[in-house]
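# A closer look at the structure
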Amino acid sequence: MMDCRVKPGNDPGGSSWTQYAFVTLAVVLWGFAPPAWATGPLGPEIRFFSRSGQDPVDDLVFFRGQLGILRPTFTDNRLYAAYRIMLGGRFSEAQARQLLARCCDAPETLSDAETSWNDLRKRVAGVPPAQDPRYGGYRRRPENMQLFDVSCFPNAYRNSAATLRARIAEHGANSQLVRDWVIGQDAVLLNCYEDSPLPEALPRNAPAWLKADLAYQIAAAYFYRLDYARAGQLFAAIGRDASSPWQKTARYLVARCAVHAAIEDKTPKLIADAQQAIDALASDPQLADYRAEAPKLASLLAFATRPQERARELERALLAPELPAALPFELRDFLLLERTGARNTDLGAWIYDIDVLTTSGREQDVAAAKSDALRRWREQRNLPWLVAALMHLFPGDEDVAAAIAASRTIEAGSPAYYTLAWHRLRLLIGENKQEEARAELDQILDGRPLPEGVENLMRYHRMKLARDLDEFVRFALRRGEFVMYLPDPRTKLGATALPLKSTTSFPYDFGAMLKWRTELFQPNPRYFDTDGTAAMSFVMPLPLMARVAQSDRLPPNMQRDVALAVWTRAVLLDDTETATALAPIVARPFPAIRRGVESLSGRRYAAAEENRSGAVAAAAARRKSLVRLRPRLPLHARPDRARCHALVVAGGRRQSRRARRCGHHALRRLRPSPAICSAGLPHVAGS
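It should be emphasised that the depicted structure is a prediction, and the values quoted were computed from it without experimental measurement. (Residues numbered from 1 in each chain as written. Predicted model: local features only at pLDDT ≥ 70, side-chain atom pairs only at ≥ 80, totals over all residues. Heavy atoms only, no water.)

Of the regular secondary structure elements, the protein holds 31 helices and 5 strands. Contacts in the protein between residues at least 24 apart in sequence constitute 62% of all its contacts with a sequence separation of at least 6. Within the structure as shown, the protein displays about 33,500 Å² of accessible surface, and the carbon and sulfur contribution to it stands at 53%. (Helix = DSSP H or I, 4+ residues; strand = E, 2+ residues; numbered from the N terminus. Contact = heavy atoms within 4.5 Å. Areas by Shrake-Rupley, 256 points an atom, 1.4 Å probe, with all protein chains shown as cover.)

Note that His461 resides in helix α20 (residues 452-464). Taking C-alpha positions, His461 is 8.8 Å from Arg438, a pair spaced 23 residues apart along the chain. Not counting the four nearest positions on each side in its chain, His461 is found in contact with Trp422, Leu425, Arg426, Ile429 and Leu441.

Taken as a whole and judged by the stated rule, the model has 41 salt bridges. One salt bridge in this structure joins Arg362 and Asp365, with 2.9 Å as the shortest N-O distance. By relative accessible area, Asp365 is classed as buried at 16%. Arg375 serves as the salt-bridge partner of Asp372, at 3.0 Å between the closest nitrogen and oxygen. A residue pair is termed a helical-turn pair when its members lie 3 or 4 positions apart in one helix, as Asp372 and Arg375 do in helix α15 (residues 363-380) at 3 residues. (Salt bridge = Lys/Arg side-chain N within 4 Å of Asp/Glu carboxyl O. Buried < 20%, exposed > 50% of the residue type's maximum accessible area, 1.4 Å probe, protein only.)

Aromatic ring pairs: the centre-centre distance and the angle between the two ring planes describe each pair. For the structure on display, the rule yields 14 aromatic pairs. Measuring from ring centre to ring centre gives 4.1 Å for Tyr216 and Trp246, while their planes differ by 15°; the resulting arrangement is stacked. Placement of Tyr216 in helix α7 (residues 208-224) and of Trp246 in the loop between α8 (228-239) and α9 (247-265) is noted, with a sequence separation of 30 residues between them. Grouping residues by exposure puts Tyr216 and Trp246 together as buried. One aromatic cluster is present, built from ring pairs that chain together Phe62, Phe63, Phe74, Tyr80 and Phe91. Above the plane of the ring of Phe62 lies Arg78, whose end atom (NZ or CZ) is 5.2 Å from the centre. Over the face of the ring belonging to Tyr222 we find Arg230, whose NZ or CZ atom lies 5.9 Å from the ring centre. (Phe/Tyr/Trp six-rings, centres within 6.5 Å; stacked < 30°, edge-to-face > 60°. Lys NZ or Arg CZ within 6 Å of the ring centre and 35° of its normal.)

With respect to burial, helix α2 (residues 76-86) is a largely interior element, 9 of its 11 residues being buried. Residues of α2 that are buried include every one of Arg78, Leu79, Tyr80, Ala81, Ala82, Tyr83, Arg84, Ile85 and Met86, and no others. Contacts from the buried residues of α2 go to α3 (93-100), α12 (307-319), α13 (327-338), α14 (346-359) and α16 (383-392). In the segment just after α2, Gly88 is the residue with positive phi, at about 95°.

With that out of the way, let us pick up unusual backbone geometry. Leu498 connects to Pro499 through a cis peptide bond whose omega is 0°. Although it is not a glycine, Arg343 sits at a positive phi angle of roughly 55°. Along the chain, Arg343 turns up in the loop between α13 and α14. With a phi close to 50°, Arg381 is a non-glycine residue in the positive phi region. Structurally, Arg381 is set in the loop between α15 and α16.

At their nearest, the axes of α2 and α14 sit 10 Å apart, and the two run at 125° to each other. By the criterion of interaxial angle, the relationship of α2 to α14 is oblique. As α2 runs across α14, the sense of the crossing is right-handed. Residues Asp76, Leu79, Tyr80, Ala82, Tyr83 and Met86 of α2 form the contact with α14, whose own contacting residues are Asp346, Leu347, Trp350, Ile351, Ile354 and Asp355. Tallied by class, the residues present in the contact of α2 with α14 amount to 9 nonpolar, no polar and 3 charged. (Axes fitted to C-alpha atoms, helices over the stretch in contact; angles between N-to-C directions. Parallel < 35°, antiparallel > 145°, perpendicular 65-115°, else oblique. Left-handed = near helix turned anticlockwise from the far one by under 90°. Nonpolar A, V, L, I, M, F, W, Y, C, P; charged D, E, K, R; others polar.)

Before going further, it helps to spend a moment on the sheet that holds strand β1 (residues 45-47). Backbone-to-backbone hydrogen bonds join strands into a sheet, with any given pair of strands oriented parallel or antiparallel. Sheet architecture is open: 3 strands sit in the order β1-β3-β4, paired in antiparallel fashion. Both outer strands of the open sheet, β1 and β4 (495-497), are each paired with one neighbouring strand and no more. Strand-to-strand twist across the sheet, computed as the mean angle between neighbouring axes with direction ignored, equals 30°. (Pairing = 2+ DSSP bridges.)

Among the nonpolar cores identified, the biggest contains 164 residues, and Leu70, Tyr80, Phe235, Trp350, Met458 and Phe472 are the most heavily contacted of them. Considering every element that reaches this core, the biggest residue donor is α9, with 10 residues. Those residues in contact with Met458 that lie beyond four places of it in its chain are Ile69, Tyr418, Ala421, Trp422, Leu425, Leu441, Ile444 and Leu445. (Core = buried A, V, L, I, M, F, W, Y, C linked by side-chain atoms within 4.5 Å.)

Turning our attention to the packing of α7 against α8. Packed helices, taken two at a time, are described by the angle their axes make and the gap between the axes. Put simply, α7 and α8 touch, their axes get as near as 8 Å, and they point 155° apart. By the criterion of interaxial angle, the relationship of α7 to α8 is roughly antiparallel. The hand of the α7/α8 crossing is left-handed. Mapping the contact onto sequence places Ala215, Tyr216, Ile218, Ala219, Ala220, Tyr222 and Phe223 in α7 and Tyr228, Arg230, Ala231, Leu234, Phe235 and Ile238 in α8. Considering only residue class, the contact of α7 with α8 consists of 12 nonpolar, no polar and 1 charged.

All right, on to α15 then. One full turn of an α-helix is made of 3.6 residues, so residues set three or four places apart face in the same direction. In this model α15 runs 26 Å from its N-terminal to its C-terminal C-alpha over 18 residues, within 8% of the 26 Å that 1.5 Å per residue would give. Those residues of α15 not exposed but buried are Asp365, Ala369, Lys370, Asp372, Ala373, Leu374, Arg376 and Trp377. Tucked inside the fold, the buried residues of α15 contact α14, α16 and α17 (400-408). Where α15 ends, the next residue or the one after it, Arg381, has phi of about 50°, a positive value. (Expected span 1.5 Å × (residues − 1).)

Quick look at the structure:
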């Protein structure tokens, strides 16, 4: 690494120095990873490609086959869709919307349903305060049974509330009978969490409706206790009572008890009994309202008692020409069965082997997934496994040449074309085939129009191959694709496509932060992404940064931002020549501070000249000007800390130890993170 330390106001000069500096910069750029998830103050962020695959303009375009560049950070639903599309499958618009919706039309959370029940029960006169079960012991199931735990489902509270509304409507909120019903139901719900006393017995003269409700409550309490045998017996007795308003519901719940008993013990007899109960439910003409539950119970039974066979059944359904009507439910079941890396199916293995690149922190998991992906690609030689193999390969691996050759046979119209090209270029660059990679990138970038996210990721590669400062600026500039906000529960606003509209509604007070940036409201707003800004901040000497600020390739907004940052550093470093050269650019977009900028640059220049001649008065004047400036600058604007800051800004990571000796603790936040500098991460696009 060259010595980038530059004395204030002294440019080593000459084209040879500049070329040497830029060659070193290009070498360092190969180690920068694509932008990672942002941390720090919460607020809007300009994104240059989507980590999740979301398109803020038309999110259905992905399911029409325009996959862009696939990344391990995509949701499993999108990875499933990509696999099916690469094998020639399609999705209707309705099916695509099902895959984009909240999983399986999930109801509100348990706490929401519980709150609704508690609010309603307070309307009944004389009801004692509800006991909070959270202070008791939660019911714990073995890990392999937690997916099938029926206690504390939101429906337990939701149905309790619905029944209570009906009882209040029939008998009134002041009825002693309704009060007794609520106390009994409280006892039932406590069994969701731990074994609790059953509802108390009723007097002989209690009305028939209350006796029928109590019988149902006691059966439900055993069900929530997970005593399925006893609950099944009690529900069967209610199902034989023609006078009970719960007769049909109880007969349906007999089947549910049988299924859960079989899931728990998995004996051949219990499994056969459960299947018989499901068949009876499906064929009983009196249970038409519950007939749709029969296939769901059958799926649940198969999921728990024959998972490998069920995973293969679901794979066939999910890849068939005609997709199942319950697509989101069957996909959810499939992903649950395959999420542990069991690899019962080819589709499940493909999703898992890609997921593991970002979901597992264990090297052995990633190594096993890489081995599996390469083996399956060698055996099958199909498009999905070629994509997975390229995602896992590193420069120098044995299969790199074969995978690159295979990727070149895929036509430009393929949905995987951009993914294969991006990883092929990554490997070529990593194997020092820069000219070959540069020629291919120039052909891609100068050809047909690219989606913003694809173009920006291709520019990420091309910037690493920049041969001079002009190419660095050209490819560091990216088109902003959208503005991303943290999820806002009030507006549900996730991403807003660029350019922004004058009518765009901003959550919180983000409008004041964004509206002054007028370029966001114009076509193709352009900025540096984090790889470009990191290269400038941690590698580039200050004179080279000044040349970037003066480049005529920069749009006005970027010239303003870069010039202001470089001018500020120059002032802190007493680099009067750089500060004076940039002062007109900085003053142009900020008329209100024009005189201050020009005056400060002039004072600094004069002070530096007098200081070089040894004038003591000039040194005092310089100290005075720093005192006047200090309140408007961050903490590290103190002269001693500013010089330490310069060692990192101008000298890169090499000088960080020397900077720490100066006591500038704030620089810990400015040094590149391991995620940026690690040479092992760039192959995971968007990780």
